[in-house]
Amino acid sequence: MGSISRPVHATDFAEHVRLMSADSDFRFSEEYEDLKQVGRSQTCISADLPVNRAKNRFTNILPYDHSRVKLVPVDDEDGTDYINASYIPGFNSPREFIAAQGPLPSTRDHFWRMVWEQQCPAVVALTKCVEKGRDKCHQYWPDRSELSLTYADIEVTMMNETTYDEFVVREFRLTHLSEAGTPSRTVKHLHYMSWPDFGVPEKASGLVHFARVFRQKVPPSKTCKPTVVHCSAGVGRSGTFIALDRLMQTIPTAEPFDIFGIVYGMRKERVCMVQTEQQYIFIHHCLLYVLEGRENDTGY
Ligand SMILES: CNC(=O)[C@H](Cc1ccc(NS(=O)(=O)O)cc1)NC(=O)[C@H](Cc1ccc(O)cc1)NC(=O)OC(C)(C)C
């Protein structure tokens with residue numbers, strides 16, 4: 001098993017990736033295997049309560065009790081504080097992100113309650129709602145045509161929507177209909193559409209560009225309010241994106257890159273973060289892409 005930190009300096013990173021990839025990714029496979037049991041002894045008692053079972057999209061992806069996001073309970077009723085979502089550390093704070101499953105029709109209102117109660121500045125969506133005929137995420141936001149919908153007393157209005165090659169950026173205005181006098185809020189929605197479930201995007205450049213646009217639109221928040229990142233289960237693609245954001249912010253610091261340690265730390269908070277070995281290797285390829293382009297690039 002070895003240490004929980006395996007740092008690699010930028011000057012050694014390309015050679016490190018070459019060595020790990022040799023013999024059909026033999027050392028990548030060994031390192032990824034060392035992450036298998038991390039966090040797995042922790043409890044998921046709330047997620048397993050009968051009242052909460054239908055709120056989980058998958059039976060094997062449940063939030064740990066110690067890191068789950070708690071909704072403000074309603075009338076002290078059992079289960080009303082539950083959502084399948086976990087706090088995840090980022091470069092800037094220990095709870096910089098909330099990794100969440102893609103809302104179900106029955107949990108869409110809980111999702112918006114979480115965004116409002118946690119004062120989230122943004123939501124990053126990494127899955128299409130339907131992929132290969134399978135439901136991956138319920139559409140929890142108003143289409144352009146409807147412009148405004150109300151979920152759990154929160155009116156969500158689409159203010160604008162810009163479509164790029166591989167992603168869409170939307171801006172929603174949230175107004176709490178039963179908190180008179182509370183100002184409306186703006187929540188940015190960044191929706192990446194080119195990431196197949198259990199896989200990786202075709203090229204590193206597409207996701208790196210998306211990660212850069214994310215940070216342009218959602219700079220590290222001084223108030224440390226968490227950004228929601230979701231896919232379908234909120235572990236594979238979500239974990240990969242969060243790891244990449246953290247690494248891209250590490251580059252200007254000249255600190256070493258500790259991809260093993262980052263994924264180790266995420267898995268202490270949520271199961272299966274970076275769900276496949278291919279995703280784990282892809283994080284390395286994205287970082288290589290950024291480092292190779294750095295000489296003619298500013299920032300990260
Ligand atoms: C390999 N697939 C899974 O583990 C998915 C959960 C999941 C995880 C990650 C992702 N990718 S994502 O995080 O990037 O969205 C999608 C779905 N789980 C299911 O489909 C599980 C079955 C399962 C698979 C693997 C396992 O080890 C244990 C149980 N099925 C399941 O939950 O069935 C329902 C939906 C009818 C309740």
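Bear in mind that the values here come from a model prediction, so they are computed numbers and not experimental data.

Novice: So what exactly am I meant to see when it comes to the overall build of the protein chain here?
Specialist: Within the protein chain, the secondary structure is distributed over seven helices and eleven strands. Relative to the globule expectation of 19 Å for 300 residues, the C-alpha radius of gyration of the protein chain, 19 Å, shows essentially globular dimensions. Viewed in the frame of its principal axes, the protein chain has a C-alpha envelope of about 55 × 45 × 40 Å. Here the protein chain holds 300 residues, and 53% of them are scored as buried. Looking at the protein chain as shown, the accessible area adds up to about 13800 Å², and 51% of this sits on carbon and sulfur atoms. Averaging the positions of the 34 positive and the 39 negative side-chain charges in the protein chain gives two centres separated by 1 Å.

Novice: Quick question: what am I supposed to make of the sheet that holds strand S8 (residues 154-163) here?
Specialist: In a beta sheet, neighbouring strands are held together by backbone hydrogen bonds and run either parallel or antiparallel to one another. Pairing is mixed across the open sheet formed by nine strands, whose spatial order is S1-S2-S3-S11-S4-S10-S9-S8-S7. Since the sheet does not close on itself, it has two edges, and those belong to strand S1 (68-70) and strand S7 (148-151), each with one partner. Sheet twist, expressed as the mean angle between neighbouring strand axes with direction ignored, is 30 degrees. For strand S4 (residues 122-125) and strand S10 (residues 185-192), the ladder comprises four bridges, and the chain directions are parallel. Across the sheet, Val124 pairs through a bridge with Leu190, a residue of S10. With respect to the sheet, helix H3 (residues 108-117) is in contact with S1, strand S2 (82-88), strand S3 (97-100), S4, S7, S8, strand S9 (167-176), S10 and strand S11 (227-230), its orientation differing from that of S9 by roughly 80 degrees. Contacting S2, S3, S4 and S11, helix H5 (residues 236-250) crosses the sheet at an angle of about 135 degrees to S11.

Novice: What should I look at first to understand the packing of helix H4 (residues 204-217) against helix H7 (residues 277-293) in this one?
Specialist: Packing of H4 against H7 leaves a shortest axis separation of 9 Å and a crossing angle of 75 degrees. By the angle class used here, H4 and H7 are roughly perpendicular. Where H4 abuts H7, its residues Ala204, Ser205, Leu207, Val208 and Arg212 lie against Phe282, His285, Cys286, Tyr289 and Val290. Its residues placed into classes, the contact of H4 with H7 shows seven nonpolar, two polar and one charged.

Novice: Just to check I follow, could you spell out H7 for this structure?
Specialist: The end-to-end C-alpha distance of H7 is 25 Å, a good match for the 24 Å that 17 residues give at a rise of 1.5 Å each. Among the residues of H7, Gln279, Tyr280, Ile281, Phe282, Ile283, His284, Cys286, Leu287, Leu288, Val290 and Leu291 are the ones counted as buried. In this structure, the buried residues of H7 make contact with helix H1 (10-33), H4, H5 and helix H6 (259-269).

Novice: Would you mind going over a nonpolar patch on the surface with me for this structure?
Specialist: On the surface, Ile45, Leu49 and Val51 cluster together into a nonpolar patch covering about 250 Å² of accessible area. Within the secondary structure, Leu49 is located in the loop between helix H2 (45-48) and S1. A residue is classified by how much of its surface remains accessible, and Leu49, at 34% relative accessible area, is partly exposed.

Novice: Is there a simple way to explain the environment of Tyr192 in this structure?
Specialist: Examined against the element boundaries, Tyr192 turns out to sit in strand S10. Taking the C-alpha atoms as reference, Tyr192 lies 7.4 Å from Phe210; in sequence the two are 18 residues apart. One polar contact links Tyr192 to Glu166, side chain to side chain, over a distance of 3.1 Å.

Novice: Teacher, can you tell me more about the packing of H5 against H7 here?
Specialist: In helix packing, the relevant descriptors are the interaxial angle and the interaxial distance, both defined with respect to the helix axes. Interhelical geometry of H5 versus H7 gives an angle of 30 degrees and a closest axis separation of 10 Å. By the criterion of interaxial angle, the relationship of H5 to H7 is roughly parallel. By crossing handedness, the relation of H5 to H7 is classed as right-handed. Of the residues in H7, those touching H5 at Gly236, Arg237, Thr240, Ala243, Leu244, Leu247 and Met248 are Gln279, Phe282, Ile283, Cys286, Leu287 and Val290. Tallied by class, the residues present in the contact of H5 with H7 amount to nine nonpolar, three polar and one charged.

Novice: Sorry if this is basic, but what is going on with the confidence of the model for the protein chain here?
Specialist: Interpretation of the predicted coordinates at a detailed level should be avoided for regions scoring low in pLDDT. Confidence in the prediction of the protein chain, expressed as mean pLDDT, is 94, and 96% of residues score 70 or more. Low confidence marks residues 295-300, where pLDDT is under 50. Its contacts with residues over four positions away, or in another chain, come to nine contacts. Interface confidence for the predicted complex, expressed as ipTM, amounts to 0.97; the pTM equals 0.96.

Novice: Looking at this structure, I do not really get a negative patch on the surface. What am I missing?
Specialist: Where like charges cluster on the molecular surface, the negative patch consists of Asp75, Asp76, Glu77 and Asp78. Here Asp75 lies in the loop between S1 and S2. Under the relative-accessibility criterion, Asp75 is labelled exposed at 63%.

Novice: What is the right way to look at the pattern of salt bridges in this model?
Specialist: For side chains of opposite charge, pairing can occur when their charged atoms come near one another. Under the defined criterion, the tally for this structure stands at 13 salt bridges. For the salt bridge of Asp34 with Arg6, the shortest nitrogen-to-oxygen distance reads 2.9 Å. Remark: Arg6 occurs in the segment before H1 and Asp34 occurs in the loop between H1 and H2; sequence separation between them is 28 residues. Between Arg237 and Glu131 there is a salt bridge, with the nearest N and O atoms lying 2.9 Å from each other. Taken together, the residues Arg237 in helix H5 and Glu131 in strand S5 (residues 130-131) connect sequence positions 106 residues apart. As far as burial versus exposure is concerned, Arg237 and Glu131 are alike and both buried. A single salt-bridge network, built from bridges that share partners, covers Glu131, Lys136, Asp197 and Arg237.

Conventions adopted
- Per chain, the residues get numbers from 1 upward, laid out in the order the sequence is written.
- Local features are withheld for residues below a pLDDT of 70 in this predicted model, meaning they are given only at 70 or higher, and side-chain atom pairs are given and counted only at 80 or more; totals for whole chains, interfaces and linings count all residues.
- Each side-chain value is derived from all of the structure's non-hydrogen atoms; neither hydrogens nor water enter the calculation.
- Counting from the N terminus, the helices are DSSP H or I runs at least four residues long and the strands are E runs at least two residues long.
- Within these notes, the globule rule equals 2.2 Å times the number of residues to the 0.38 power, and the radius of gyration is based on C-alpha atoms.
- Only protein chains enter the calculation, and the probe is 1.4 Å; a residue is then buried if its accessible area is under 20% of its type maximum, exposed if over 50%, and partly exposed in between.
- The accessible surface values rely on the Shrake-Rupley method and a 1.4 Å probe; as for residues, cover is taken only from the protein chains in view.
- The charged-residue count follows a simple rule in which Lys and Arg add positive charge and Asp and Glu add negative charge, with His and chain termini not counted at all.
- Where a charge lies is defined by one atom per residue type, namely NZ (Lys), CZ (Arg), CG (Asp) and CD (Glu).
- Any two strands with at least two DSSP-identified bridges between them are counted as paired.
- Note on geometry: axes are lines fitted to C-alpha atoms, helical ones only across the stretch in contact, with angles between N-to-C directions running from 0 to 180 degrees.
- Any two residues whose heavy atoms approach within 4.5 Å at even a single point are treated as in contact.
- Roughly parallel refers to an angle under 35 degrees, roughly antiparallel to one over 145, roughly perpendicular to one between 65 and 115, and oblique to any angle outside these ranges.
- Under the grouping applied here, Gly and all other residues not named as nonpolar or charged are polar, the nonpolar ones being Ala, Val, Leu, Ile, Met, Phe, Trp, Tyr, Cys and Pro and the charged ones Asp, Glu, Lys and Arg.
- Take the residue count of a helix, subtract one, and multiply by 1.5 Å to get its expected span.
- Here the term patch refers to residues with relative accessible area over 30% and no salt bridge, with like charges joined within 9 Å and nonpolar side chains (Val, Leu, Ile, Met, Phe, Trp, Tyr) within 5 Å.
- Note on definitions: salt bridges are taken to be side-chain nitrogens of Lys or Arg within 4 Å of carboxyl oxygens of Asp or Glu.
- For the purposes of these results, a polar contact is taken to be a pair of N or O atoms within 3.5 Å, where, inside protein, one atom must be able to donate a hydrogen and its partner to accept one; residues adjacent in sequence count only when each atom of the pair is a side-chain atom.
- By convention the crossing between two helices is left-handed if the near helix lies anticlockwise of the far one by an angle smaller than a right angle, and right-handed if it lies clockwise.
- The predictor reports its confidence for every residue as pLDDT, a score running from 0 up to 100.

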